[in-house]
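# Working through the structure, step by step
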Amino acid sequence: MSENKNLEGLAPVFGDMPKDEFRQFGHELIDWISDYFEKIEELPVLSQIEPGDLKAQLPTSPPEKGEPMESIIADLDRLIVPALTHWSHPSFFAYFATSTSAPGIFGELLSAAFDAKAMLWRTSPASTELEEVMLDWLRQMMGLDAGLSGIIYDTASVSSMHAIAAARESTEQRIREEGMSGRKDLPLLRVYASDQAHSSIDKGIITLGLGQRALRKIPSDGEFRMDANALAAAVQEDKDNGAIPFCVVATVGTTSTSSIDPVPAIAGICERHKLWLHIDAAYAGSAAVVPELREILEGCDRADSLAVNPHKWLFTPFDLSVLYCRHMDLLRRAFALVPEYLRTPEQEKVRSGSDYGVQLGRRFRALKLWMIIRYFGHDGLAARIREHCRLAKLFASWVEESPAWELMAPVPLGLVCFRACRELDAPDETTRNARLDVLNEAVMHGVNATGSALLSHTRLNDKITLRLSIGNIRTTEKHVRQVWELLNQQLKLLSPGYR
Ligand code: PLP
């Protein structure tokens, strides 16, 4: 028993875990994590529990006395692991496949140990200054211009909401001071995004009190990219009707298909009408660290702000989203508020993170980015993303070669949209499509139920479409071949006439 433990061998009466116990269990937990990664392929990707199963196994009230770490760690295996959907599994192909990485895990561990609240420069100079430098490193790796500085938030939803708030501040409508409700002098403020934009844009607009009617959805073309001519017409129409267009959100890497909006054309419209251009590059932005893929950000040097999520495709454990902004002064004007208890002598000379958003305390997220970029290097990060794109193209080539499957969208990066399309006996096209929807959903659920891989879906041109996203650091060609086999097995099972 440790020198510092109480009589039952549990936590001491006061103070933290004794240091020898911390060291012992710290080592054990790192071993536990190593074992978890080693055996992860034996685990079902999708949690196999039924809703409520975990809750039913947990005590309904907290323990009166502390419990030994041994039993807490044992319960990780018994209770928590079965209730996990394993995002770190190499055959996780759903949503946007993402992954943590060893240096990222170390960064999180240290960040928890430091427990810094990076609200003012002085409450954590390390996080404040490391953040500025990391964002500059990432900016250089992505080939973005030096006019952009940035700030780290938790998610892209929050990054984009802050960008729209800064854009609203640029309208000089005194919304920070006067608000929007009950104002007869304030016309409808308009934001534009394509019908493929992520729902976080809608949510940001709701949160900012602009109201859903403020968001005008612009139709996209046959390849799911915003129709720039339709945008120009919509802006003009709104202006003619007395509304105030103020912001356009273009997406580089849409959620359903990873399509890339025509940013140069959209930037031209924004410049003509003096609109804030925000780029949602939450998913695809990381791909710009691959030099030959930088062209996906063409035109983004004309944007006012850009959101990118290292927690999506830069091997960074959740969460870490970056907002780059050309007008940090406007972001600051929208949010800075320094009560007496936060005033510091150096405040005029330094940057304080809390001035740039709704949060006061901020996690030390830059630390994990520092460890990841230093450990893998720019070349190492680019090589992994390049390989993911190669694997996506390889999978897409199998789809294209097979008469039983069809591609549903171009494959610019690491996402493949496809569906089973074998001839079905149907009296008309509508019935055929309805039957194919049922078949494709059944194929997806069949694959997912095996536990060997996980896919997700979307709806494109009113057709159920399967999505295979490759973004996990552990995914190799073997895993992509396995999921292709699984898909074909399921299709055979569900439609025996399949060739
Ligand atoms: N924007 C795009 C294009 C996305 O694909 C997603 C999530 O997949 C988001 C925003 C939201 O990301 P977050 O979970 O970081 O808010």
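Up top is the structure these notes are about.
Residues numbered from 1 in each chain as written. Predicted model: local features only at pLDDT ≥ 70, side-chain atom pairs only at ≥ 80, totals over all residues. Heavy atoms only, no water.

Side chains of residues three or four places apart in an α-helix project in the same direction, reflecting 3.6 residues per turn. For helix H4 (residues 102–114), which comprises 13 residues, the first-to-last C-alpha distance of 19 Å matches the rise-based estimate of 18 Å (1.5 Å per residue) to within 8%. Taken together, the buried residues of H4 touch helix H1 (19–39) and helix H13 (366–401). Looking at the residues trailing H4, positive phi occurs at Asp-115, about 50°. (Helix = DSSP H or I, 4+ residues; strand = E, 2+ residues; numbered from the N terminus. Expected span 1.5 Å × (residues − 1). Contact = heavy atoms within 4.5 Å.)

Further remarks concern H13. Between its first and last C-alpha atoms H13 spans 44 Å; for 36 residues at 1.5 Å apiece the expected length is 52 Å, and the helix comes up short by more than 12%. The principal kink in H13, of about 85°, is found at Gly-377. (Bend = angle between axes of the 7 residues up to and from the residue.)

Under the counting rule described, the total for this entry stands at 2 cavities of 30 Å³ or more. Looking at the largest cavity, its volume works out to about 80 Å³. Along the walls of the largest cavity sit Leu-120, Arg-332, Leu-337, Val-338, Leu-342, Thr-344, Gln-347, Ser-352, Ser-354 and Asp-355, which together make up its complete lining. Quantified by volume, the second largest cavity comes out at close to 30 Å³. What lines the second largest cavity is simply Thr-128, Glu-131, Glu-132, Ile-151, Arg-351, Gly-353 and Arg-362. Broken down by class, the residue content of the lining of the second largest cavity amounts to 1 nonpolar, 2 polar and 4 charged. (1 Å grid on protein atoms, 1.4 Å probe; cavity = no way out; pocket = protein on both sides within 12 Å on 5 of 7 lines; lining within 4 Å. Points joined across faces, edges and corners; volume = space filled by probe spheres on them. Nonpolar A, V, L, I, M, F, W, Y, C, P; charged D, E, K, R; others polar.)

As a further point, take the pairing of strand S9 (residues 415–420). Most of S9 sits inside the fold, with 6 of its 6 residues counted as buried. The alternating pattern of S9 places Leu-415, Cys-417 and Arg-419 and Val-416, Phe-418 and Ala-420 on opposite faces, both of which are buried. With 3 bridges joining them, strand S8 (residues 405–407) and S9 adopt antiparallel strand pairing. Looking at S9, one finds that Leu-407 is bridged to Phe-418. (Buried < 20%, exposed > 50% of the residue type's maximum accessible area, 1.4 Å probe, protein only. Pairing = 2+ DSSP bridges.)

Take the pairing of strand S2 (residues 189–194) next. Among the 6 residues of S2, 6 are classified as buried, and the element is accordingly described as predominantly covered. Burial along S2 is two-sided: the residues Leu-189, Val-191 and Ala-193 and Arg-190, Tyr-192 and Ser-194 are all buried. Direction of pairing for S2 relative to strand S4 (residues 244–251): parallel, over a ladder of 5 bridges. Counted as the bridge partner of Tyr-192 is Val-248 from S4.

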